[in-house]
2 protein chains.
Amino acid sequence: MEVKLPTFNSVFSIDCVIFGFEAGELKILLIERNEEPYKDWLALPGYIVEQDESIDNAAERILYELTGLRDLHMQQFHTFGEVNRHPQGRVITVAYYALIRINGQKELKPVTQYAKSAFWHPVNELPKLAFDHTEIFQTGFNKLRRRLNYQPIAFELLPEKFTLTQLQSLYEAVLNKKLDKRNFRKKMLSYGFLKELDEKQKGVSYRAAKLYKFDRRKYTKIFQNELNLDS
Amino acid sequence: MEVKLPTFNSVFSIDCVIFGFEAGELKILLIERNEEPYKDWLALPGYIVEQDESIDNAAERILYELTGLRDLHMQQFHTFGEVNRHPQGRVITVAYYALIRINGQKELKPVTQYAKSAFWHPVNELPKLAFDHTEIFQTGFNKLRRRLNYQPIAFELLPEKFTLTQLQSLYEAVLNKKLDKRNFRKKMLSYGFLKELDEKQKGVSYRAAKLYKFDRRKYTKIFQNELNLDS
DNA sequence: AATATAGTGTGTCAGATTTACACCATTAAA
DNA sequence: TTTAATGGTGTAAATCTGACACACTATATT
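Residues numbered from 1 in each chain as written. Chains lettered and ligands numbered in written order. Predicted model: local features only at pLDDT ≥ 70, side-chain atom pairs only at ≥ 80, totals over all residues. Heavy atoms only, no water.

Draft legend 1. Molecular detail of the protein's contact with DNA strand C. Around DNA strand C, 18 residues are found, and the nearest of them are A:N183, A:R207, B:K181, B:R207 and B:K210. A breakdown of the atoms of DNA strand C within 4 Å of the protein gives sugar and phosphate a share of 39%. One of the side-chain N or O atoms of B:T165 is found 3.0 Å from a phosphate oxygen in DNA strand C. One nitrogen or oxygen atom from the side chain of B:R185 is found 3.4 Å from a phosphate oxygen belonging to DNA strand C. (Near = heavy atom within 4 Å. Polar contact = N/O pair within 3.5 Å; in protein donor to acceptor, adjacent residues only side chain to side chain.)

Right, dumping it as structure tokens:
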């Protein structure tokens, strides 16, 4: 027996909180909207999910269309479903987050006309955002903080080769507190998944620091036995 | 300028993973479906969200209609959005979880005809469930495990007055491993939010254990300064 | 009354982890 | 050569964790 699903005018969307780290500051990706409602406002990159794509795929597509960025590892973190969160009807949105190295070269260029531009903005002093995007951002930021403590996500925000000071300042930016240099280094190195390179920092006008990189293979070897309770 | 939202035949639903603890065993609430598809199968309590209710409200309503339970503190934990997770069309579902004291008296009685019955089932040896509900359950169970370590959720599963042994066996059931009795007690008591009562267990044929209760006021006082990163 | 049964309740020590804390080294620029 | 800026390092105290065993108490059984 076939039973038909009820047909409602319900719309699903995706919104993305994309974190980057640049010049010692944590930033997120914003777009300038080119569509009503909230035309000309700043907003998180987000749009409507199509009928025939999974929400994970939708997240990737939408981010690409609005910013030109691809192949990020995005994870959903919360779904926002208040009745009046969208002025034009019922829209439930699934929020995703991702981390990315901000790369001077990589241009941010919307592929659709729904956004006028896309750009990085420091997470401190965020302007007012469209819809309930300020709340969505805040929830995502909390998630990021929490995950920083038990997942190797910091390395996705840094260049491939980085100094311990850069790593520490990233932790400090995300957690919003000062850490002790010696203790921080001792602990990070004790994990055993940082690989010390034979290279040093270049172009600084003071003693150059050693460069390290994150050894993902070692990381998984070390932590393969721990339950993955992340889902 | 008014812009109309596109109209898709998208359907939203809620599914609930409700945990209870009884006779030393962790259980979840299942229903027997009375509707196609998957008529007569066992499933998590779940149904479709209405146009004019928030998803949080929908979760409460749906659980009530299918099981007769009300006023649980439910929290969403994941949204499942694969294209073909529902055989009759596109249905995206937001999964919620909650913890509850299983109370002998409290009867489980569906209010709607969509379920034939509702009952508790041990989380070990779960039968095959309808749709992707096995995966939803598994994700929720992982979430529960993780939260047990940093949130005072164990107490929602126990009677108001409980013994330390009961508390320990709950932890053991959720984490699925044996804990050391002396260390467990030392640690729990050291937090300072367990209130020792002047009462003892009754009706046991061996030395009666002291009863404790969870002092939520003390708990919040102790942990008020810690960042609440739970959202 | 004696005994069996079943679970309660308790302390210590070793090892690991966390925290606090200050100074010399190196490089480039002035 | 001096200054400015950051890199890099060790130790000791305090705290936390994990391993480990036995006497106590209440009831039921004989």
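Additional details are given in the paragraphs that follow.
Draft legend 2. Representation of the protein's contact with DNA strand D within the structure. Taken together, 19 residues form the shell around DNA strand D, and within it A:K181, A:K186, A:K210, B:N183 and B:R207 come nearest. Near the protein, meaning within 4 Å, the atoms of DNA strand D are sugar or phosphate in a fraction of 38%, with bases accounting for the rest. Take A:T165: an N or O atom from its side chain is 3.0 Å from a phosphate oxygen of DNA strand D. A:R207 is positioned such that a nitrogen or oxygen atom in its side chain is 3.1 Å from a base nitrogen of DNA strand D. For the surface near DNA strand D, the secondary structure elements donating two or more residues are helix 5 (181-191) of chain A together with helix 4 (181-191) of chain B. Its residues assigned to classes, the surface near DNA strand D comprises 5 nonpolar, 3 polar and 11 charged. (Helix = DSSP H or I, 4+ residues; strand = E, 2+ residues; numbered from the N terminus. Nonpolar A, V, L, I, M, F, W, Y, C, P; charged D, E, K, R; others polar.)

Draft legend 3. Highlighting the packing of helix 2 (residues 133-148) of chain A against helix 4 (residues 164-175) of chain A. All names here are of chain A. At a minimum axis distance of 9 Å, the contact between helix 2 and helix 4 shows a crossing angle of 135°. Judged by the angle between their axes, helix 2 and helix 4 are oblique. The way helix 2 lies across helix 4 gives a crossing that is left-handed. Across the interface between the two elements, F141, L144, R145 and L148 of helix 2 pack against Y171, V174 and L175 of helix 4. Considering only residue class, the contact of helix 2 with helix 4 consists of 6 nonpolar, no polar and 1 charged. (Axes fitted to C-alpha atoms, helices over the stretch in contact; angles between N-to-C directions. Parallel < 35°, antiparallel > 145°, perpendicular 65-115°, else oblique. Left-handed = near helix turned anticlockwise from the far one by under 90°. Contact = heavy atoms within 4.5 Å.)

Draft legend 4. Fine view of the environment of A:T79. Structurally, the position occupied by A:T79 is in strand 5 (residues 75-80). When the C-alpha positions of A:T79 and A:I14 are compared, they lie 9.0 Å apart, and in sequence the two are 65 residues distant. Residues in contact with A:T79, not counting those within four places in the same chain, are A:I92, A:T93, A:V94, B:I55, B:Q76, B:T79 and B:V94. Among the polar contacts made by the side chain of A:T79, one reaches the side chain of B:T79 at a distance of 2.5 Å.

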